[in-house]
Amino acid sequence: MTSVKAPVIASWMRRRWQILVLILLILCFPVLIKSYFVTRVGIVLALFAINVTGITLLTRYAGVITLGHSAFFALGAYVSAILTVKLGWNPWLSMGVAAAVTIAFAYLFAVPFLRLRRAYLAMATLGLGEVVFLLAKDLTEITGGVSGIPGIPHLRLGRVTLTEDWQLFYLFGCFVIFFVFVTENIGRTRLGRAYHAIRTNETAAKAMGIDVQRELSRLFCFSALASALAGSLLAHFITFISPESFTIDFSFTLLIIAIIGGANIWGTLATAVVLIGFSEVFRGLQDLSMGFYGLLLIVALFVFPEGLAAALFARGYAHRKTSANDLVPFILDPSTPMNGHTRVQCLPSREKKILGLSNISKNFGGTEALSNVSVSVDYDQIVGIIGPNGAGKTTLLNVVNGFLTPREGKVIFQNREVTNLSPHEMARLGLGRTFQLINLFKGMTVIENVMVGGHLKGRSGILMGGLNLGRPRQEETVIRQAAMRSLEFLGLVDRAYDVVESLPFGEQKLVELARALSMEPALLLLDEPAAGLNSAETERLSGILRRVRERGITIVLVEHNMPLVMTVSDFVLVLDFGRAIAFGTPEEVSTNNEVIRAYLGQEVQGAS
Amino acid sequence: MVEYILQFLASAITEGSIYVLIGLGLVIIHRSTEVMYFAQGTIAMAGGVALYGLFTQGHIPLVAAIPASLLVCIILALASQWIVVLPLLERGVTPLSVSMITIGFATILDMVAMILFGKDPLAVPSFSGDEPAKIFGASIVPQDFWIVGLTILVLFLTLVFFKKTWIGKAMTGLGDNALLAKASGFPVRRLFTFSFVFAGLVGGLAGIVSAPISYTGYWVGTRLVIKGFVAAAVGGINNPVGALLGGLIIGFFESFTAGFISSRLKDLITILLLLLVLRLRPQGLMGEKQIG
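Calculation rules
Residues numbered from 1 in each chain as written. Chains lettered and ligands numbered in written order. Predicted model: local features only at pLDDT ≥ 70, side-chain atom pairs only at ≥ 80, totals over all residues. Contact = placed C-beta atoms within 7 Å. Nonpolar A, V, L, I, M, F, W, Y, C, P; charged D, E, K, R; others polar. pLDDT = per-residue confidence, 0-100. Domains from an automatic or database assignment. Helix = DSSP H or I, 4+ residues; strand = E, 2+ residues; numbered from the N terminus. Axes fitted to C-alpha atoms, helices over the stretch in contact; angles between N-to-C directions. Parallel < 35°, antiparallel > 145°, perpendicular 65-115°, else oblique. Buried ≥ 20, exposed ≤ 12 C-beta atoms within 10 Å, placed from the backbone. Pairing = 2+ DSSP bridges.

A closer look at the interface of chain B and chain A
- On the chain A side, the residues contacting the 33 residues of chain B number 32 residues.
- Counted by class, the side of chain B that touches chain A contains 24 nonpolar, three polar and six charged residues.

Quick notes on the confidence of the model for chain B
- For chain B, the mean per-residue pLDDT works out to 88, and 93% of the residues sit at or above 70.
- Scored as a complex, the prediction yields pTM 0.89 and ipTM 0.88.

Digging into the domain arrangement of chain A
All names here are of chain A.
- Taken domain by domain, chain A comprises domain 1 (17-30 + 38-250) and domain 2 (343-607).
- The distance between the C-alpha centroids of domain 1 and domain 2 comes to 42 Å.
- Listed by partner, the interface residues are 23 residues for domain 1 and 30 residues for domain 2.
- In terms of residues, the side of domain 1 that touches domain 2 owes the most to one element, helix α8 (residues 190-200), which gives seven residues.

Points about the packing of helix α2 (residues 36-61) of chain A against helix α10 (residues 212-238) of chain A
All names here are of chain A.
- As a packed pair, α2 and α10 sit with axes 7 Å apart at the nearest point and diverge in direction by 170°. Classified by the interaxial angle, the pair formed by α2 and α10 is roughly antiparallel. Residues I43, L47, I50, N51, T53, G54, I55, L57 and L58 of α2 form the contact with α10, whose participating residues are L219, F220, F222, S223, A226, S227, L229, A230, L233, L234 and F237.
- Looking at the contact of α2 with α10 residue by residue, the classes come out as 15 nonpolar, five polar and no charged.

Focus: the environment of B:G251
Residues and elements named next belong to chain B.
- Within the secondary structure, G251 is located in helix α10 (residues 240-260).
- Given 25 C-beta atoms within 10 Å, G251 falls into the buried group.
- Put simply, G251 and T107 are 144 residues apart on the chain and 26 Å apart in space, counted from C-alpha to C-alpha.
- Once residues lying within four places of it in the same chain are set aside, the contact partners of G251 are A12, I13, E15, G16 and Y19.

Considering the sheet that holds strand β10 (residues 554-558) of chain A
Residue and element names in this part refer to chain A.
- Taken together, the six strands give an open sheet; going across it, the order is β8-β9-β10-β5-β11-β12, and neighbouring strands pair in mixed fashion. The sheet is open, and its two edges are formed by β8 (431-433) and β12 (579-584), each paired on a single side. Within this sheet the neighbouring strands show an average axis-to-axis angle of 15°, counted without direction.
- Where helix α16 (residues 393-401) meets the sheet, its contacts fall on β5 (382-386), β8, β9 (523-527), β10 and β11 (571-576), and the angle it forms with β9 comes to roughly 150°.

Section: the environment of B:V49
All names here are of chain B.
- Within the secondary structure layout, V49 lies in helix α2 (residues 40-57).
- Residue V49 is classed as buried on the basis of its C-beta count, with 28 C-beta atoms lying within 10 Å.
- As a C-alpha pair, V49 and L244 span 195 residues in sequence and 25 Å in three-dimensional space.
- Those residues in contact with V49, other than ones at most four positions away along the chain, are A113, F117, L122 and T216.

Some thoughts on the pairing of strand β4 (residues 367-378) of chain A
Residue and element names in this part refer to chain A.
- Across eight bridges, the pairing between strand β3 (residues 353-364) and β4 is antiparallel. Considered in β4, the bridge of N363 is made with E368.
- Hairpin connection between β3 and β4: a loop of two residues separates the two successive antiparallel strands, and G365 in this loop has a positive phi of roughly 60°.

Next up, the structure:
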């Protein structure tokens, strides 16, 4: 047993040594340093560290700029202060209530405003921070106005009142360790990849089944929770709060720390130590600290644009070099279907149709992109869609995928009407997708990209994922294995740990396909998979498509490469100016007069 | 009652004019670079404290002190473009991130202003005396006329610029699509430079004309830029006319809230207005809906 466990522990230590170092540092700090002043600096630092964990995920992973987290910090502090001072509640209880109130408040803000484009969202958060600051300043009856709330009780543990600085330091240290642990776990696993995906390519993220709204609003609430708890701790630590602790400068400082730190909690922690340490040590100059932060921010952006973490460690993003475990070849049994949505489960066996479009019409402004298109696709078929440029091919895929809602008509997928579903819901039902232009998640490795395709294999949310106990770990293994299988299927295993942008174009296209396969879809929509490929690569692709179909995945592909479409497709749909002008076997279509007119007519015109 | 309303109206237009000027700079920069220029308030602050330094401390006559202060603002705005905005955009940093970096630039300027002029509020005398004019019972200080007059002048010149000059027309045509601008062989750098000169000019003007009606000092930048953003966002971040409308609306809301309800609530009302507009019409009142 021990012989098995020892390497496991060793590998854990290798991967998670930072958190051990952090725990050690926190344990030793008050013992080694007896200075009253330095311990105070440590406590302030701890409060910033708690705050910045959520901001790191929100800003550097998910790309949501927040200028208003002072609002949540203030709410945590004020609710806790008011409940204890005015109502005489127990500090711990009021801290819990403060956290709950803040989360509810954050959620109410997040639901409408996270829909906005990121720049508008940043402005909304700026407004949020200002509103709470002004309320704290002006609702004198409740908040004490500018003079604040004095006499906030200290926290108690059993019979001990926590008044000594070292006691508070340890208490705050526990919170820091907790939030750092959770943040790091989230960053390394499925949700971290999802946030990265949302930041780098929201469209593709949706197509992979990521419910962007839901994930972001939960993350927003998590970051608000961190700030609120830090606020409560602050209130019970200095026993007095006033609006000046909660100005926009505080939000700016958090943001600056996150930007300098990069997409890695250790980077942001190190940044916080430098910045906050500096401004506390040079307390006399404290009014200069914002300027100093600004200076550092600009310098940092030029010296290490990906953040401090990326400069210190190999890369900012959760990055694991090939470990022996990952490369254990996955023995593929060709008879196991890659598609997890086995149709036997969800459908009566007589059902042959997987996708049915009836009378689809869609217009953009005055132009009709699709008019009255009907088509049906059976299980295990490969259906090609061809047509001149602007015929509405991609629009049709987007309608099926849920990126567009048709003006008229119905989409039936696996016996269910799905006309109005959104892309992430379609992904959940078993629809995979690749894009015409490469839509990969930049900055992630190939395997991480493909693992985003396996997003829906996991269900653990931000809390379970953060604690990383039991289920999330198993999910992670399942996702990684599925990703490896798709990579192996496409012959990309040796590229698994390369950053995706470093691959040549043809391989990037294959990564997109691998990512879609990793979703284990029932139906795969491919938008010009051969565009930009050379003839050898195209040849290889047609073999791949056949093998995908053999694994029980139905394919609909839009393609301009006629030889490819005509050889792999069972049926071909021809679109011209948004109308379906022909549907049939490749032979039927290629002899159809209208098709010839549509294509040749155009070519003749083009030639003359 | 009527004189009260007139009084509030006057202060609405005066305050609003300052927000219009700040908002206008933000809109022009956002149009050409997609950057939200957080240093705009600090540029205005720089105009105010420069005027304090030259006029109040240095006893340089206004006719020379005002242009010199404006020049300081333009140089600072250009410096932010050359040091921060352009290099980062060219390295592929997203405009949103660059926006955040302009906060850094602003905090540095604030710090410099604090070192040079200290933390105390700085008073700049009015341009032409403090004897209020009585108009229908409302008393209006001469500085208000300066503010409104210069704002109208700037708006007029801006309008002429957009209608008559080739770069103005090009900016209108290309709008907020920098990529298209680049693809069509447009001298994007020159467009950037122009936007920052413009922002320095209007921002500086806002700080200069408003310095006599309220104290100035290193801290005013943040307040001003927040108000400017509210003006720009309410009107439409890409639309100069929107900035005019947004600035005036905010001026009205602030002035009438302060007059009829409580001056404590005026900032709050402004921010709530921002959130309301973002909620109901994120592109702003005059903004065009963007697809996608």
